[in-house]
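# Observations on the three-dimensional arrangement
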Amino acid sequence: MGHLTTRDAYKNLEDRINWFTQGAPPTETLYKILQVLYTEKEAKWAALLPVRPFTVKKAAKIWGTTEAKAEKFLDHLCDKALLVDSEYHGQRQFVMPPPMAGFIEFALMRTRGDIDQHYLSTLYYQYMNVEEDFIKDLFFVTETRLGRVFVQEPVLTNRQTNHILDYERATHIVEEAQYIGLGTCYCRHKMYHAGHPCEIDAPWDVCLTFDNVARSLSEHGGYARLISKEEAKDALERSYASNLVQIGENVREHPAFICNCCGCCCEALQAARHFSPMQPVATTNYLPEILSNPCIGCGKCANVCPVLAITMKEDTTDADSKTKKQPVINTEICLGCGVCARNCPAGAIHLKRRPIQIITPVNSTHRFVLQAIEKGTLQNLIFDNQAFANHRAMAAVFGTILKLPPLKQALASKQFQSIYLDRLLSMHKKRSS
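Residue numbers run consecutively from 1 along every chain, following the written order of its sequence. For a predicted model such as this one, the threshold for reporting local features is a pLDDT of at least 70, and the threshold for listing and counting side-chain atom pairs is 80 or more; totals across whole chains, interfaces and linings nevertheless cover every residue. Based on all heavy atoms of the structure, the side-chain values leave hydrogens and waters out of the count.

## Things to note about the overall build of the chain
Check the secondary structure of the chain and you find 21 helices and 14 strands. Pairs at least 24 apart in sequence give 71% of the contacts found in the chain among residues at least 6 apart. Methods summary: accessible areas were calculated by the Shrake-Rupley approach with a probe of 1.4 Å, and residue burial reflects only the protein chains presented. Carbon and sulfur atoms provide 53% of the accessible area of the chain, an area that totals close to 20200 Å². Put simply, DSSP marks the helices as runs of H or I at least four residues long and the strands as runs of E at least two long, and each gets a number from the N terminus on. Any two residues whose heavy atoms approach within 4.5 Å at even a single point are treated as in contact.

Structural data, given as structure tokens:
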């Protein structure tokens, strides 16, 4: 009976996790992962928590305990990076982070002795690199991507920097952040323990988190260290020098993270290689252009491309040198990161703006709503355990829906199946006409 009760606790937690727009396909491996991260009691209690931010008072009511005991347990979950806390209008709130970028990564963003990180890494490798259902669900189920690539600013010319938008600059994100956290790269940490160490020996201490996530991770358990803007820019420079790709949350305003990724360890870049030409992340608004005159055919650009988008082919246009090769870029899979341009010894690679610009969601709410519509789970953002969301949460969701194109609004209305939403959209249409 005890075994069944334990199993039920983790099964309920799986269901709770999959209430997110981003979930985690239940498998025996996921069950083992949750056993490492959560005790049975933690799993049982966490499974009862709302999807939206909640207060100590709300948690105490759900758990049937005092607010003092509830807050102590909530702090304990924050210390394990299974919850993130924040302050809203002077009131402390908590939220369960999604699997990724979230509690899966947080567990390996520092060295810790309370869990077996080697065992956990082997489970992660099995779940993500072998079974793959999680990766497919994470990166390819919705048109709106979780992450987006930042262009390497140092390779842009003065003319190009006049056209780069603020949100396309990693340095702008750093300058705008109230808090910046620096942690261990989860991907390289995981692959090291799983027996597949980084092939380019890239630095580990380059994982950047911002604002509330950075503050919470630094205050609880030391999963990140609060750093200055200058230290954050140094982390970017060290990442540029190691040919790493900057991938951040796919929003224009206040992204929660920027990872500095290598093609051999990062799940997103591995997915780009494995499932090519499908793109797991939103690309930059740039594409590399190779100038054949200065190009010496050395092949360095192909060697450093993190997603293998460049191949070397015989240059049949050069009659004087039959052995010379010319790089060819597959623009369907190119990220537009600029790593190739940085490494070209002849300066033969320039970045140009893509003919069709990539659309980036405004903020996290905008991204959540778009992904929920595309995945058919919009109702999960409005309802929580069959109870209405609070007015502030509903207002944020509805406000975002009203700004969507008509087709997306129609899909939202169909999924939500709400007379109230239909009337709201109808009123908005009349006001706009």
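And the narrative resumes.
## Re the packing of helix H8 (residues 133-140) against helix H14 (residues 267-274)
Taken N-terminus to C-terminus, the directions of H8 and H14 make an angle of 95°; their axes are 11 Å apart at the nearest point. Here H8 lies roughly perpendicular to H14, going by the angle between them. Each of Ile-135, Phe-139 and Phe-140 in H8 lies in contact with H14, whose residues at this interface are Glu-267, Ala-268 and Ala-271. Each residue gets one label: Ala, Val, Leu, Ile, Met, Phe, Trp, Tyr, Cys and Pro are nonpolar, Asp, Glu, Lys and Arg are charged, and the others, such as Gly, are polar. Considered class by class, the residues forming the contact of H8 with H14 number five nonpolar, no polar and one charged. Axes here mean lines fitted to C-alpha atoms, for a helix over just the part in contact, with angles spanning 0 to 180 degrees between N-to-C directions. Under this scheme an angle from 65 to 115 degrees is roughly perpendicular, one under 35 degrees roughly parallel, and one over 145 degrees roughly antiparallel; angles in between are oblique.

## So, the nonpolar core
Core analysis: the biggest nonpolar cluster contains 114 residues, and Leu-37, Tyr-38, Tyr-124 and Leu-208 have the highest contact counts within it. Apart from residues no more than four positions distant in its own chain, Tyr-124 is found in contact with Ile-33, Leu-37, Phe-103, Ile-104, Ala-107, Leu-108, Asn-129, Tyr-186 and Lys-190. Here, nonpolar core refers to any group of buried Ala, Val, Leu, Ile, Met, Phe, Trp, Tyr and Cys residues whose side-chain atoms link them within 4.5 Å. Each residue is placed in one exposure class: buried if its accessible area under a 1.4 Å probe, protein chains only, is under 20% of its type's maximum, exposed if it is over 50%, and partly exposed if it falls in between. In this structure, Val-84, Phe-106, Met-109 and Cys-207 belong to the second largest nonpolar core, which totals nine residues.

## What about helix H6 (residues 99-106)?
A large share of H6 lies buried, amounting to seven of its eight residues. Every buried residue of H6 is listed here: Pro-99, Met-100, Gly-102, Phe-103, Ile-104, Glu-105 and Phe-106.

## Things to note about the side chain of Gln-246
Along the chain, Gln-246 turns up in strand S7 (residues 245-249). Pairing of N or O atoms within 3.5 Å defines a polar contact, subject to two protein rules: one partner must be a possible hydrogen donor and the other a possible acceptor, and residues neighboring in sequence count only if both atoms are side-chain atoms. A distance of 3.2 Å separates a polar side-chain atom of Gln-246 from the backbone oxygen of Leu-244. Among the polar contacts listed, one links the side chain of Gln-246 to the side chain of Asn-260, at a separation of 2.9 Å. Ignoring sequence-local partners within four residues, the contact set of Gln-246 consists of Arg-148, Val-149, Phe-150, Gln-152, Leu-236, Ser-239, Tyr-240, Ile-258, Cys-259 and Asn-260.

## Description of the environment of Arg-225
Relative to the helices and strands, Arg-225 resides in strand S6 (residues 225-226). Overall, Arg-225 belongs to the partly exposed group, its relative accessible area being 44%. Contact partners of Arg-225, with chain neighbours within four places excluded, come to Ile-180, Gly-181, Leu-182 and Glu-231. Polar side-chain contacts of Arg-225 include one of 3.3 Å to the side chain of Glu-231.

## Overview of the sheet that holds strand S8 (residues 257-261)
In a beta sheet, neighbouring strands are held together by backbone hydrogen bonds and run either parallel or antiparallel to one another. DSSP-based pairing: two strands are paired if at least 2 bridges between them are found. The six strands are arranged S3-S7-S8-S5-S4-S6 in an open sheet whose pairing can be described as antiparallel. Two strands bound the open sheet, and with one partner strand each, they are strand S3 (147-150) and S6. Across two bridges, the pairing between strand S4 (residues 180-183) and S6 is antiparallel. Paired with Gly-181 across the two strands is Leu-226, which belongs to S6.

## A word on helix H5 (residues 67-79)
Within an α-helix, residues lying three or four positions from one another point in the same direction, as the helix has 3.6 residues per turn. An expected span of 1.5 Å times one less than the residue number is assigned to each helix. Its 13 residues place the ends of H5 18 Å apart at the C-alpha level, agreeing with the 18 Å of an ideal helix rising 1.5 Å per residue. Listed in full, the buried residues belonging to H5 are Ala-70, Phe-73, Leu-74, Leu-77 and Cys-78. For H5, the angular spread of buried residues about the axis comes to 150°, placing them on one side. Facing away from the buried side of H5, by more than 90 degrees, are the exposed residues Ala-68, Lys-69 and Lys-72. Turning to H5, the residues buried within the fold contact helix H3 (40-46), helix H4 (56-63), strand S1 (84-88) and strand S2 (91-95). One or two residues past the end of H5 sits Ala-81, with phi positive at roughly 60°. Arc definition: it is the arc formed by the directions from the helix axis to the C-beta atoms.

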